[in-house]
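In case you want the letters, here they are:
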Number of protein chains: 2
Amino acid sequence: MKDVAARAGVGLKTVSRVVNGEPGVTPETERRVQEAIDALGFRRNDSARVLRKGRTASIGLVLEDLADPFYGPLSRSVEEVARAHGALLINGSSAEDPEREQELVLALCARRVDGLVVIPAGDDHRYLEPELKAGVATVFVDRPAGHIDADVVLSDNYGGARGGVAHLIAHGHRRIGFIGDMPRIHTAAERLRGYRAAMEDAGIPVAGSWMSLGVTDPERVRRAAEEMLTGPDPVTAVFAGNNRVTVTVIRVLAEQARRVALVGFDDIELADLLQPGVTVVAQDAADIGRTAAERLFRQLDGTLATPERIELPTRLITRGSGEIPPAD
Amino acid sequence: MKDVAARAGVGLKTVSRVVNGEPGVTPETERRVQEAIDALGFRRNDSARVLRKGRTASIGLVLEDLADPFYGPLSRSVEEVARAHGALLINGSSAEDPEREQELVLALCARRVDGLVVIPAGDDHRYLEPELKAGVATVFVDRPAGHIDADVVLSDNYGGARGGVAHLIAHGHRRIGFIGDMPRIHTAAERLRGYRAAMEDAGIPVAGSWMSLGVTDPERVRRAAEEMLTGPDPVTAVFAGNNRVTVTVIRVLAEQARRVALVGFDDIELADLLQPGVTVVAQDAADIGRTAAERLFRQLDGTLATPERIELPTRLITRGSGEIPPAD
DNA sequence: CTGAAAGCGCTTACAG
DNA sequence: CTGAAAGCGCTTACAG
């Protein structure tokens, strides 16, 4: 900028005015400055700008795994809202590791992002207290924050799961299995609660062997599904706790002779083209992301007062697998 | 930082030393400083740090659409490499719009990212010349840069498509359709070239009605597929130019009485569970991202000399749909 | 082991 | 319409 000013024979402030399109520069001066900018290949250094202005026009998004089909659309919709507000998006995956989440979040804070959208991996977010006090806007998504009062946007996990299981019961099932993620994960716990509620509503006692919670890698899920299907008290239907689980359960069911009903939480691509089509409890990832990001920018506008908990509805989509009657 | 120094009764430089874990501070002094840091909730401002140090420890990734299942794993692997080098990832979607690509790239340059991984939407990247001269490391991915000499990592689109079409020919097909993305997109053009080559290798003249290039939204693709399948010279097999096309073609074929063979470019989740399983030419998105990011950091290390073009192989995965014989 | 001064590249508040 | 001075929060190069 100094070089540009020297070459154009003007003061620093005049260059600043031209670069930022501020008024109060004669066309002739502006031309000279512009010419110098082009000749020198000058580009304003936003880091320096940020240092003076306070805001960085960037927000951070910490999620579990960018490669998961649920988070792609979510990221994209957060990005679109950020873009509408002139902000860039810094993205990071926690890989479901609380330490990595904290490391990422604090790195983002050190970069002085204006706001933070966090899909929590950990369950204690007190480490964020000083940052919140310092004015970093924050919205938690998909799972609530731990030990801290903050905005949170989530799906109706309890209601969705309860409805999905009730659907299976309505089609005549009583022995229904539940395979979900680790119980420390809020969504998994809530969906399990929904499962239990639906069973209780129907007066069906639940056998311990019908519930399996744990990591959602294919091996664990496969084992859990096989045990439920072939044990002494085999289930006639399975409720899958998320998209990763559903995919593996579909694989297992495809190998079974007996037809077993299935309802999965989360929609999956091509679910309608499988034989049978896969009935799911769908959440709208893009809508969740949009809602969270809009709330974040409203915090930054100062138009938001107290933290709120926003619960978005889910939608049961019947495609065949959830309407299969019990085999026996 | 000034406040911390005042509270601890030390100089600025000493605080800096403690914050950065530099040697040359007595344990007692360090304790006092640390205490002041905690009490004040101090966090180093990386923007200011960047201003002095030169490097921002962040890289930018501009892709087409974060919500596309091909780009999720790619982003994630770029992120992992960045993380290994202590850098954060700023992510942006161009939505296949050259202007938006340029806008994003230049915004990233103004933030002084150390490097840039770009999946180009446009075909002229001369606007990047001043930045490259200024030392921004850059790697193009999936499609080459336009009018500029830069590193590029791509799949063997030509060879992959040629192999996929040859596979259909080997199974007895002669009337084979090709449905792809807009011809100005490099990957689409290369895959079409591969299709033509395979047909020519087999001495099969290609009818104009067998090729359809354009946007890959479901409506256009559906129309194209239906025309090829029901026209005066109907095809017995379809080669789908990318994952978006494949999904729609599968839908159309499911509605047809006649069994039509299909090979798609890009693997898709659950492809093995459809009836029939979908034969694809797979590219490894994670590997592409990793290769590009590693090259980027080697540029930053200075261990890289001249720009190179790296072509990654594709893999034909047979699952049934590509092995269906011609209907007539 | 410790700290005062200068400077990174901008903007703010002010004066001319 | 234009510009000189001060300062954003840090690090560098140096001296003690």
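Scroll up for the structure.
Every value quoted in this text rests on a predicted model; they were computed, and no experiment measured them.

Undergrad: For this particular structure, what's the right way to read the protein's contact with DNA strand C?
TA: With respect to spatial proximity, 24 residues lie near DNA strand C, and among them A:M1, A:S16, B:T14, B:T29 and B:R52 are the closest. Sugar and phosphate atoms form 60% of the subset of DNA strand C atoms that lie within 4 Å of the protein. At 3.4 Å from a base nitrogen of DNA strand C is found a main-chain nitrogen or oxygen belonging to A:A48. Contributing elements (two or more residues each) for the surface near DNA strand C: α2 (12-19) and α4 (46-53) of chain A together with α2 (12-19) and α4 (46-53) of chain B. Among the residues making up the surface near DNA strand C, the classes are represented as 7 nonpolar, 8 polar and 9 charged.

Undergrad: How do you make sense of the packing of aromatic side chains when you look at a structure like this?
TA: We describe a pair of aromatic rings using the distance from one ring centre to the other and the angle between the two ring planes. Inspection of the entire model under this criterion finds 6 aromatic pairs over all chains. Taking the centre distance of 6.0 Å and the plane angle of 15° together, the rings of A:F178 and A:F239 count as stacked. Of this pair, A:F178 sits in strand β6 (residues 176-180) while A:F239 is found in strand β8 (residues 237-240), placing the two residues 61 residues apart along the sequence. Assigned by exposure class, A:F178 and A:F239 land together as buried. Grouping aromatic residues by their ring pairs yields a cluster made of A:F178, A:Y195 and A:F239. Here the basic side chain of B:R191 rests over the ring of B:F265, its NZ or CZ set 3.8 Å away from the ring centre. A cation over a ring is seen here: B:R193 above B:Y158, with NZ or CZ 4.1 Å from the ring centre.

Undergrad: What's the story with the pattern of salt bridges in this structure? I'm lost.
TA: Opposite charge on two side chains permits pairing when their charged atoms draw close. Residue and element names in this part refer to chain A. Tallied over the full model, the rule gives 56 salt bridges over all chains. The partner of R31 in a salt bridge is E28, with the nearest N and O atoms 3.4 Å apart. Separated by 3 residues within a single helix, R31 and E28 lie in helix α3 (residues 27-40), roughly one turn from each other. E28 sits in the partly exposed class, given a relative accessible area of 41%. Note that R222 is salt-bridged to E255, the shortest N-O span being 3.1 Å. In this pair, R222 sits in helix α10 (residues 218-230) while E255 sits in helix α11 (residues 243-255), placing the two residues 33 residues apart along the sequence. On the basis of relative accessible area, R222 is assigned to the partly exposed category, the value being 27%.

Undergrad: In this structure, what is going on with the relation of the copies chain B and chain A? I would like to understand it.
TA: The relation between the two chain copies is a rotation about an axis coupled with a shift along that axis. For these two chains of identical sequence, chain B goes onto chain A by a turn of 180° and a shift of 0.0 Å along the axis, with RMSD 0.0 Å. With respect to symmetry, the two chain copies, as superposed, fit the operation of a two-fold axis. Of every C-alpha in chain B, the one belonging to B:I90 sits nearest the axis of rotation, 2.1 Å from it. Mapped onto chain A, 100% of the interface residues of chain B again fall at the interface, so both copies present the same surface.

Undergrad: Help me understand the interface of chain B and chain A, please; the structure alone is not making it clear to me.
TA: Accessible area lost upon the coming together of the parts is a frequently used measure of interface size. Listed by partner, the interface residues are 55 residues for chain B and 55 residues for chain A. Note on chain B versus chain A: buried area summed over both sides is about 4700 Å², and carbon and sulfur give 53% of it. Interface area lost by chain B to chain A is led by B:R43, B:L88 and B:R111, which between them contribute 16%. There are 16 salt bridges connecting chain B and chain A. Between A:R111 and B:D46 there is a salt bridge whose closest N-O contact spans 3.7 Å.

Conventions and cut-offs
Residues numbered from 1 in each chain as written. Chains lettered and ligands numbered in written order. Predicted model: local features only at pLDDT ≥ 70, side-chain atom pairs only at ≥ 80, totals over all residues. Heavy atoms only, no water. Near = heavy atom within 4 Å. Polar contact = N/O pair within 3.5 Å; in protein donor to acceptor, adjacent residues only side chain to side chain. Helix = DSSP H or I, 4+ residues; strand = E, 2+ residues; numbered from the N terminus. Nonpolar A, V, L, I, M, F, W, Y, C, P; charged D, E, K, R; others polar. Phe/Tyr/Trp six-rings, centres within 6.5 Å; stacked < 30°, edge-to-face > 60°. Buried < 20%, exposed > 50% of the residue type's maximum accessible area, 1.4 Å probe, protein only. Lys NZ or Arg CZ within 6 Å of the ring centre and 35° of its normal. Salt bridge = Lys/Arg side-chain N within 4 Å of Asp/Glu carboxyl O. Least-squares fit on C-alpha atoms with pLDDT ≥ 70 in both. Contact = heavy atoms within 4.5 Å. Buried area = accessible area lost by both parts, 1.4 Å probe.

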